[in-house]
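Coordinate inspection notes
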Amino acid sequence: MALTHNLGFPRIGARRELKQTLEACWRGDIDEQQLQIKAAELRKHHWIVQREAGIDLIPAGDFALYDQMLNMTALLGAAPARFNAGNDEIGLDLYFAMARGTASQPAMEMTKWFDTNYHYIVPEFNAHTRFRIASSQLFREVTEARVLGISPKVVLIGPLTYLYLGKETEPGFNRLDLLAHLLPVYREILARLASLDVEWVQIDEPFLALDVDDDWLDGLDQAYAALTGAGTKLPKLLLATYFEAVDNHAARLKKLPVDGLHIDLCRAPDQLDVFLEGYPASKVLSLGIIDGRNVWRADLVQALATLSRAQSTLGERLWIAPSCSLLHCPVDLELETRLDSEIKNWLAFSVQKLKEVSVLGQGLNQGENAIRDELDASARARQERRESPRNHNPVMQERLQRLTRNDSRRTSPFPVRQALQRQRFQLPDLPTTTIGSFPQTPEIRQARAAFRKGELTNLKYLEAMRKEIQLAVGKQEEIGLDVFVHGEAERNDMVEYFGEQLCGYAFTENGWVQSYGSRCVKPPILYGDIYRPEPMTVDWIQYAQSLTTKPVKGMLTGPITMLMWSFVRDDQPRSTTALQLALAIRDEVADLERAGIGIIQIDEPAFREGLPLKKADWNEYLKWAVEAFRVSSSGVKDDTQIHTHMCYSEFNDILPAIADMGADVITIETSRSRMELLDGFGQFKYPNEIGPGVYDIHSPRIPETGEMLELLEKACQVIDAKQLWVNPDCGLKTRSWPEVVTALERMVEAARQLRAQINTFQTEALSA
Ligand SMILES: Nc1nc2c(c(=O)[nH]1)N[C@@H](CNc1ccc(C(=O)N[C@@H](CCC(=O)N[C@@H](CCC(=O)N[C@@H](CCC(=O)O)C(=O)O)C(=O)O)C(=O)O)cc1)CN2
Ligand code: MET
Ligand SMILES: [Zn+2]
């Protein structure tokens, strides 16, 4: 019998119940115990949903109040010393302190989980780091599942991935050296799970999808030798990989003393044969055949054919699963009542995907005829999607054909443009600005919700949003910033907002996906050729500009970020989709310029995230991604200043490509890493202007003027002050106005102080 299982279920709740509860707890509206009760209810509900979908082996340990990596840090007692954890159980206070920071301690760093839009809390390691079981939450969850009659498979992040994804806080230290300290604690966790009668543990080692050095691979051998074998009673281990092919490691993985492997057949279908060849008789092989990263209904006919082929080699040892955890997928398509029924029929969310897994299991176990109806329905939906006229737009197709080299080139090189722009805008040295959004207050969100429900007329809604813009402009005048933004009040999200206005996109009511902590996004669904029927942002920006003499930045989301943060079509190359998006944005840029807007920011926070996990594939991606950005941004005059913005990523390895994008100014997130990121920009001699973030906007902590000044001084050491801008790390939509005003006042003050220092220095240099 082929067995069906799931690697992880979305924990946020179909209606974002976890988000509401967490935020109520942080506000102090409910206490810790009430939070725990609600969380347990959600887990219970999710287990029942999975059982009802027909899944044989259901995961526990995939739940987290904030993040699964942070859960591991708590379980392993690896709280950084600066949080003074002591030797007690790591409780919720400390857990949230690590995630969100406190008055005295900045939060732990947060970064992208592989190539997803999910963010994890980065473990901090140094030579003094030691491990111990410091949280019993996981073990309690196993017991909770048992109460429902579920014998769960427990999910853990593996020791190599845990170390690999962390960062060293001491120069010269190698975090792999901690492995020997880590393994006994993992073994203890496994033994404790075995004593709770846990039969299977899924141990996730997605780091194998990256290009890793041999010492890390040797560490893998060492680790799994230590986590298996005689002595104590231990659970069976299923080592799970996902997001990329791991067939380059097939020989090593087959030899590991684990009881099974999981591989991703959606991202890397070709790796199946390599694994089937001589697959050890002692191991199960789990095939990730249903795409956990996208929302399209599966081709069940083809999936069944693949599985049948594998079954003839593996027999009983074949397991069936989604490609990765369903964390990256919305919960339930059934909640979508407004989605066009034709498009809805092409889609599957988490619950539907688990049913697909279950149907495939049935097909394998009972024969094709047992699932004839499901196979037919799947084939019909695929065919309808393929043939639907709404996916194709001849105008867009034709424009793509007509694109030439000149479309991705500005008229003059940067130095010429810089001179013209300086003349036009007359900004001071170290100009101050923000990244785009101002607080999305409850009032703004409620107004939008009321508008959506028809309780507020279009006109009233527009008026309310104009009031917000007016407020934001007024505040910026008072704070004394140099380049303004309109504040993005009218946007639900920087991607969804544009998705809603472009043809070729569908959007959902409840298609939420966790981004970090309690924050979610609702990625729009890009199903067809893109077309911009009319200007999307011009009225708003023009209104903001009418209120001030300071320049107001036009604010757009770039083609790569639109691509990365949407669910995209799987029936054409992503590069083609990116170019279509680029053309739509190019038209918007042109309209903004025509309306007199002189500075236009095209955000590309997901540019780095789009980079393939394997270095061998980088160049190809960078080529089309840079080209798409250039198509979107190059249709303007020399004295129009193009900004871009990136956050949350390690940029140093792609600096030449970032320079190639040719933005006149780039603002980047740097403050959490205390400007470490900038070193690369300095060494590489980044040619254009650059605004390294000096204010970590993801923490409620308000930085002091002195701290920001220090960061700026650090920046001056690697980058010429003439090239520098002063700004926060990212948009301010998650913050409150009082925090923002204080922080920005201090930021402007820090810029003033530095300007004064530089002037004194220059005066002294002249008189010397
Ligand atoms: N797509 C995307 N990816 C991204 C980012 C991003 O900005 N967008 N930023 C980085 C991650 N950071 C993020 C930062 C903030 C939020 C965020 O604030 N999300 C909001 C939801 C934003 C949204 O869609 N808001 C809608 C719906 C708001 C809502 O909940 N409305 C209530 C009613 C209002 C209320 O009572 O509060 C309802 O409909 O029931 C709107 O404004 O219209 C949240 O979780 O709360 C998400 C990601 C990286 N990835
Ligand atoms: C995640 S990048 C965000 C950029 C956007 N302009 C904002 O300020 O919110
Ligand atoms: Zn950002």
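Residues numbered from 1 in each chain as written. Chains lettered and ligands numbered in written order. Predicted model: local features only at pLDDT ≥ 70, side-chain atom pairs only at ≥ 80, totals over all residues.

This part takes up the nonpolar core. Counting 231 residues, the largest nonpolar core has Tyr-95, Leu-307, Ile-320 and Leu-360 as the members making the most contacts within it. If one sorts the elements of this core by residue count, helix 22 (residues 574–594) sits on top with 9 residues. Excluding residues that lie within four positions of it along the chain, Ile-320 makes contacts with Ala-2, Thr-4, Leu-287, Ile-289, Leu-307, Val-357, Leu-360 and Gly-361. (Core = buried A, V, L, I, M, F, W, Y, C linked by C-beta atoms within 7 Å. Buried ≥ 20, exposed ≤ 12 C-beta atoms within 10 Å, placed from the backbone. Helix = DSSP H or I, 4+ residues; strand = E, 2+ residues; numbered from the N terminus. Contact = placed C-beta atoms within 7 Å.)

Two numbers describe how helix 3 (residues 68–75) lies on helix 4 (residues 92–100): the axes approach to 11 Å, and their chain directions differ by 130 degrees. Considering their axes alone, helix 3 and helix 4 lie oblique with respect to each other. Viewed along their axes, helix 3 and helix 4 form a crossing whose handedness is right-handed. Of helix 4, the residues touching helix 3 (which contributes Leu-70, Thr-73 and Ala-74) are Tyr-95, Met-98 and Ala-99. Of the residues that constitute the contact of helix 3 with helix 4, the class distribution is 5 nonpolar, 1 polar and no charged. (Axes fitted to C-alpha atoms, helices over the stretch in contact; angles between N-to-C directions. Parallel < 35°, antiparallel > 145°, perpendicular 65-115°, else oblique. Left-handed = near helix turned anticlockwise from the far one by under 90°. Nonpolar A, V, L, I, M, F, W, Y, C, P; charged D, E, K, R; others polar.)

Look at the UniProt record and you will see "active site" (unreviewed entry) annotated at His-698. You can see His-698 is positioned in the loop between strand 21 (689–692) and helix 26 (705–718). Contacts of His-698, omitting those with residues within four sequence positions, involve Ala-107 and Met-110. (UniProt positions renumbered as here; feature names shortened; annotations may be inferred.)

Time to look at helix 8 (residues 214–226). Helix length check: helix 8, at 13 residues, gives a terminal C-alpha distance of 18 Å against a target of 18 Å (1.5 Å per residue), a fit within 8%. Along helix 8, the positions that sit buried rather than exposed are Gly-219, Leu-220, Ala-223 and Tyr-224. Buried residues in helix 8, looked at end-on, bunch into an arc of 120 degrees, giving them a common side. Residues of helix 8 that are exposed and point over 90 degrees away from its buried face: Asp-214, Asp-215 and Ala-225. Taken together, the buried residues of helix 8 touch helix 6 (159–164) and helix 7 (179–195). (Expected span 1.5 Å × (residues − 1). Arc of directions from axis to C-beta.)

The geometry of a pair of packed helices is captured by two quantities: the angle between their axes and the separation between those axes. At a minimum axis distance of 10 Å, the contact between helix 2 (residues 32–52) and helix 5 (residues 137–147) shows a crossing angle of 50 degrees. Regarding the angle of helix 2 to helix 5, the classification is oblique. Between helix 2 and helix 5 lies a crossing whose hand is right-handed. Residue-level inspection shows Ala-40, Arg-43, Lys-44 and Trp-47 of helix 2 in contact with helix 5, the latter providing Glu-141, Glu-144 and Ala-145. For the contact of helix 2 with helix 5, a count of residues per class yields 3 nonpolar, no polar and 4 charged.

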